[in-house]
Amino acid sequence: TLASPPDRRALWATYAIGLFGMGYIDVFVFLMPLYGYELGLSAAKIGTLVGARTFLSLLFSIHVGNLLDRFGTVRVMKYFVLLAAFVAPIYPLTESFWVLLVLQMIIGGAVSFAWAGAQTLIAQLTNGDAEYIGRFSFASRIGTTTAPLVAGVIWDLGGVWPAYLLPSIWGTVLFGTLFLAPKIEINSSLNKTEEQTKNLKATPFLIRDLLPKYSDYVRSFSMMLIPIVGISVTIMVLRISTSSVNNSLYVVYLDGIGMTGTMIGLLFAAIEASSGIGSLMGGRAIKIADPRWLMLFGTAATIFFISITPLLGGIFIILLFAQIFRGLLQGVIEPVMFSVQAKAVRSHEQGAIVGLRQTMHRLSAIIVPPLMGLIADQWGIEESFLILGAGLLFLCVLVGLWVRKIPNNP
């Protein structure tokens, strides 16, 4: 619990950044499978494109996390937000798989690093308090609820060109919200004096500062030796696998059974809206339950509900309720994960722990879509849900054995 509440205006600014920051990712995530399907790409190629957006963030999230700590979170975020906004309109100009692959890498890295900055801001401002992080997650889900819904409608009405102008507009708005957050930098718990903070803001970027440092990676990965960090990151990788499925072949499956872009957008909006509601319960849940088991059982349930998608008969209302229930569980789990990780490290290492979380997140996201695409090409899309789900649930059992051997000592 915080000794005193954070500055209210700083909190609202951070919530706004969370709203537009997370929605920024989902606009691109939603559009790529639809565009790939329209181009006639195979399931494996679509899965590869979806996974490619995580490539740069897999390699450099730890580095960027340390840049956030070193040079100021908002300052670093601005560069990545603008990069994605400028590059987005290039998508409709090409039908080449290889050009799309490069675009996915650039855009995926930029929006991921911007989102890492938003997560770092809330952790710095609130010292990892689960209740405030839950509210931040709720705000971010407003963005992710709105983004696919708007993108789906624009896709149906105008096609690829208007759809890919949307992220440029969204990114411009996000860039504007960053100017509302200077006080967050000053008031955040970075253990810096006022003079050091001024010097940090005045220090220009040097080429050597932009290069990854081996010591930063060693320091971030060593955080996995903290039991609660190691357990929570492992569970997070399993949970993110369900999102990877949702963002790739789930879209292709729905499109293949005749659902429109608007209907698919509604299903995406449903899981995001329910996740937002669930995140408001995270602060209370962590007070009444062991966070390790809470994260593990919630993750296993989300895996189960995405895996049975082909068994739901393609009935929209049933798919909708499955998305809502899965979203509620994901929403509860997310602030719990962020909170236990933020509290496990020092205040000036929040960017580093976010970088580690993003790296492991992306490792899952870069492997699962192509793997599921290969399974789908070999055995069929419907079968791929069941095969991957069985494998992930087995891994949950193994994590449960690990949790039993580790005392609850966050």
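Here, residues in each chain are numbered from 1, in the same order as that chain's written sequence. Residues qualify for local features only when their pLDDT is at least 70, as the model is predicted, and side-chain atom pairs are given and counted only at 80 or more; totals for whole chains, interfaces and linings, by contrast, use all residues. In computing side-chain properties, one takes all heavy atoms of the structure into account and sets aside hydrogens as well as water.

A few points about the packing of aromatic side chains
Point 1. Two rings from Phe, Tyr or Trp (for Trp, the six-membered ring) form a pair when their centres are within 6.5 Å of each other. A pair whose planes differ by under 30 degrees is stacked, one over 60 is edge-to-face, and the rest are tilted. A complete count under the given rule lists 15 aromatic pairs for this structure.
Point 2. Between Phe97 and Trp98, the ring centres sit 5.1 Å apart and the planes meet at 75°, which makes this aromatic pair edge-to-face.
Point 3. Given the relative accessible area of 62%, Trp98 is considered exposed.
Point 4. Ring pairs connect the aromatic residues Tyr24, Phe28, Tyr35, Tyr91 and Tyr164, which therefore count as one cluster.
Point 5. Counting as a charge over the ring demands two things of the Lys NZ or Arg CZ atom: a distance within 6 Å of the ring centre and an angle within 35 degrees of the ring normal. For Lys45, the ring lying beneath its charged end belongs to Phe97, and the centroid distance is 5.3 Å.
Point 6. Positioned over the ring face of Phe338 is Arg357, at 3.9 Å from the centre of the ring. Exposure categories follow from relative accessible area, calculated using a 1.4 Å probe and restricted to protein chains: below 20% of the type maximum is buried, above 50% is exposed, and the middle band is partly exposed.

Digging into helix H13 (residues 249-256)
Point 1. Helix and strand assignments follow DSSP, with helices taken as H or I runs no shorter than four residues and strands as E runs no shorter than two, numbered in order from the N terminus. H13 sits mainly inside the fold: 6 of its 8 residues count as buried.
Point 2. Those residues of H13 not exposed but buried are Leu249, Tyr250, Val251, Val252, Tyr253 and Leu254.
Point 3. Downstream of H13 by a residue or two, Gly258 has a phi angle that is positive, lying close to 95°.

Concerning the packing of helix H12 (residues 227-246) against helix H16 (residues 291-307)
Point 1. Viewed as axis vectors pointing N to C, H12 and H16 meet at an angle of 15°, and their least axial separation amounts to 10 Å. Classified by the interaxial angle, the pair formed by H12 and H16 is roughly parallel. Two packed elements cross with a definite hand, and for H12 against H16 that hand is left-handed. Counted together, Ile228, Ile231, Ser232, Ile235, Leu238, Arg239, Thr242, Val245 and Asn246 of H12 and Arg292, Met295, Leu296, Thr299, Thr302, Ile303 and Ile306 of H16 form the full contact between these two elements.
Point 2. Here the residues of the contact of H12 with H16 are counted per class, giving 9 nonpolar, 5 polar and 2 charged. Angles shown run from 0 to 180 degrees and are taken between the N-to-C directions of axes, each axis being a line fitted to C-alpha atoms and, for helices, limited to the stretch in contact. Roughly parallel means an angle under 35 degrees; roughly antiparallel, over 145; roughly perpendicular, 65 to 115; everything else is oblique. Note on convention: the crossing is left-handed when the near helix lies turned anticlockwise from the far helix by less than a right angle, right-handed when the turn is clockwise. Contacts are assigned to residue pairs with any non-hydrogen atoms lying within 4.5 Å of each other. When residue character is reported, Ala, Val, Leu, Ile, Met, Phe, Trp, Tyr, Cys and Pro are called nonpolar, Asp, Glu, Lys and Arg charged, and the others, Gly included, polar.

A few points about the nonpolar core
Point 1. Counting residues in each nonpolar core, the largest one holds 117 residues, and the members touching the most others are Ile17, Tyr24, Leu31, Tyr91, Tyr250 and Leu254.
Point 2. For this core, the element with the highest residue contribution is helix H1 (residues 8-38), accounting for 16 residues.
Point 3. Once you skip the residues sitting within four places of it in the chain, Tyr91 turns out to touch Phe28, Met32, Tyr35, Leu100, Leu103, Gln104, Ile107 and Tyr164. The nonpolar core is taken to be a set of buried Ala, Val, Leu, Ile, Met, Phe, Trp, Tyr and Cys residues, with the residues joined through side-chain atoms within 4.5 Å.

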